[in-house]
Amino acid sequence: MVPDSLRTALIVVTLGSLLVLSSVATGAGAISSQPTTVERPTQATQSTATDAADSPSADGEVVETFTNRMSSLDTVVMTYEMNMTFDSDRTSSAENRLWLDAENNRVRTETNSERMETITVRNESETVTYDVENNQVSRFDHTDEMGQQTLIDRLVTENEFTYDGQEMINGEETYRLAVTPTETDTMADSTDTTLWLDADTYFPTKLAHDASGENYEYEMVMDIRNVSLNEPIADERFTIDIPADAETPDDSPLDRTTYDSLSELRTDTTQSVPSPDVPDGYRFAEASIIENTDFSLLSLQYVTDSDDVFHVTKRQNSSTGYDYDETDRYEAVEVGNHTGYYAEFEHEGTTTSILNVNCDSTDYGISGDLSKEESIEVAESITCE
């Protein structure tokens, strides 16, 4: 039998992995199946949102009962929908179906979004992911690996829950908890995370997370529905029927080579090396090539005596898939006969400019301590391939 501590950790890491990796997860919906009766804190039922101060004795009881609820679950089946907003103008959503067998340490997740459809099965020895659209299968052997336990430990030790009142969501009574990480998120200036629990099962029914930094804003809401707790799950659910012709993507490590001179770089590579016209005061510093069989990124670095720096990058055989026209962050600019996309980012009082130009088979980037005009001039001096 799996120890309660490990069972709790497995459930928490499954429901809350986004809390560590992207900051949070969980959502609103009705609980469709009730497990063994759970003792509830003694307090009056509320039909509207109430402040925690109205029932201070419930604070520790709700959190403790929630923790006990997690440790009592052997299986969970649920659907959860994630809706994310980046910088107020970019949105993304995905619907996921989850089967969790904590007793046998195995998980199946099916993910559907506008960009992907994947099936992932994880057990004690390996994780297998099948990309349905691209007919590709990836396998990760984690026998004797401690990475999952480390992530579990972080989820358990780096977050605290505080009772914050009651609230009706979709006609269902919930307990609202504030989630506070015990470790500071160095990338975010401020974060706000709220978790809602079904008042009967103490299982999460909604989670919302807001984060903002100097150069970004991020919002995410996860809604959970079609939940079944402690019901048997067939062994067949934790296998994937992978087609015989499924391909395995190249996951070989990237090879990085650094060059101190342009002549050495041109001698060593078969690809063409950009020869940009650089602004006065800049000189070549170093170059590098990062590549594997499916990807190549060539980078040239230029510096001044006053430590100003900018980079010219050339990327082949790998499209970013980013649609610059879908965001207000980048400004479309003319770069010769092509369209470039320009943006400036502020960080700790320093402005970094970025100009991206997509040619027929190659993407070029100019980034660093250059003005908009200087960036365009450098880009226009590069032969577009």
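Residues numbered from 1 in each chain as written. Predicted model: local features only at pLDDT ≥ 70, side-chain atom pairs only at ≥ 80, totals over all residues. Heavy atoms only, no water.

In the nomenclature of an unreviewed UniProt entry, the protein is known as DUF4367 domain-containing protein of Natrinema pallidum DSM 3751.

**Details of the pairing of strand β4 (residues 117-122)**
For a regular strand, side-chain orientation follows a simple rule: the groups alternate between the two sheet faces. Across 6 bridges, strand β3 (residues 106-113) lies against β4 in antiparallel orientation. Note that in β4 the partner of Val107 across the bridge is Arg122. Counting the residues between successive antiparallel strands, the hairpin from β3 to β4 contains 3 residues. Here β4 runs beside strand β5 (residues 126-131); their pairing, made up of 5 bridges, is antiparallel. Paired with Arg122 across the two strands is Thr127, which belongs to β5. Between the end of β4 and the start of β5, which pair antiparallel, lie 3 residues. (Pairing = 2+ DSSP bridges. Helix = DSSP H or I, 4+ residues; strand = E, 2+ residues; numbered from the N terminus.)

**Thoughts on the pattern of salt bridges**
One pass over the full model with this rule turns up 11 salt bridges. The salt bridge partner of Glu81 is Arg225, with a shortest N-O separation of 3.6 Å. Pair noted here: Glu81 is in strand β1 (residues 75-86) and Arg225 is in strand β11 (residues 217-229), with a separation of 144 residues, a long-range link. Bridged by salt links that share partners, the residues Glu81, Glu95 and Arg225 form one connected network. (Salt bridge = Lys/Arg side-chain N within 4 Å of Asp/Glu carboxyl O.)

**Let's talk about the sheet that holds strand β2 (residues 90-101)**
In space, the 11 strands of this open sheet follow the order β6-β5-β4-β3-β2-β1-β11-β10-β9-β8-β7, with antiparallel pairing throughout. Two strands close off the open sheet at either side, each with one partner strand: β6 (136-141) and β7 (159-169). Adjacent strand axes in the sheet meet at a mean angle of 15° when their direction is disregarded. (Axes fitted to C-alpha atoms, helices over the stretch in contact; angles between N-to-C directions.)

**Brief notes about the state of the cysteines**
Across all of its chains, the model carries 1 disulfide by this definition. Here Cys359 pairs with Cys384 through a disulfide, and the sulfurs are 1.3 Å apart. Disulfide Cys359-Cys384: torsion about the S-S bond near -75°, hence left-handed. With Cys359 in the loop between β18 (350-358) and β19 (362-368) and Cys384 in the segment after α5 (372-380), this residue pair connects regions lying 25 residues apart in the sequence. A relative accessible area of 4% means that Cys359 is categorised as buried. (Disulfide = S-S within 2.5 Å. Buried < 20%, exposed > 50% of the residue type's maximum accessible area, 1.4 Å probe, protein only.)

**With respect to the nonpolar core**
For soluble globular proteins, nonpolar side chains are generally found buried alongside one another. Judged by nonpolar contacts, the single largest core of 30 residues is most densely connected at Met78, Leu177, Leu197 and Phe203. Looking at this core, the elements that each hand over two or more residues are α2 (58-72), β1, β2, β8 (172-181), β9 (190-198), β10 (204-212) and β11. Broken down by element, this core gets its largest block of residues, 6 residues, from β11. The next biggest cluster of nonpolar side chains, apart from the first, holds 24 residues, and it includes Tyr302, Cys359, Tyr364 and Val378. (Core = buried A, V, L, I, M, F, W, Y, C linked by side-chain atoms within 4.5 Å.)

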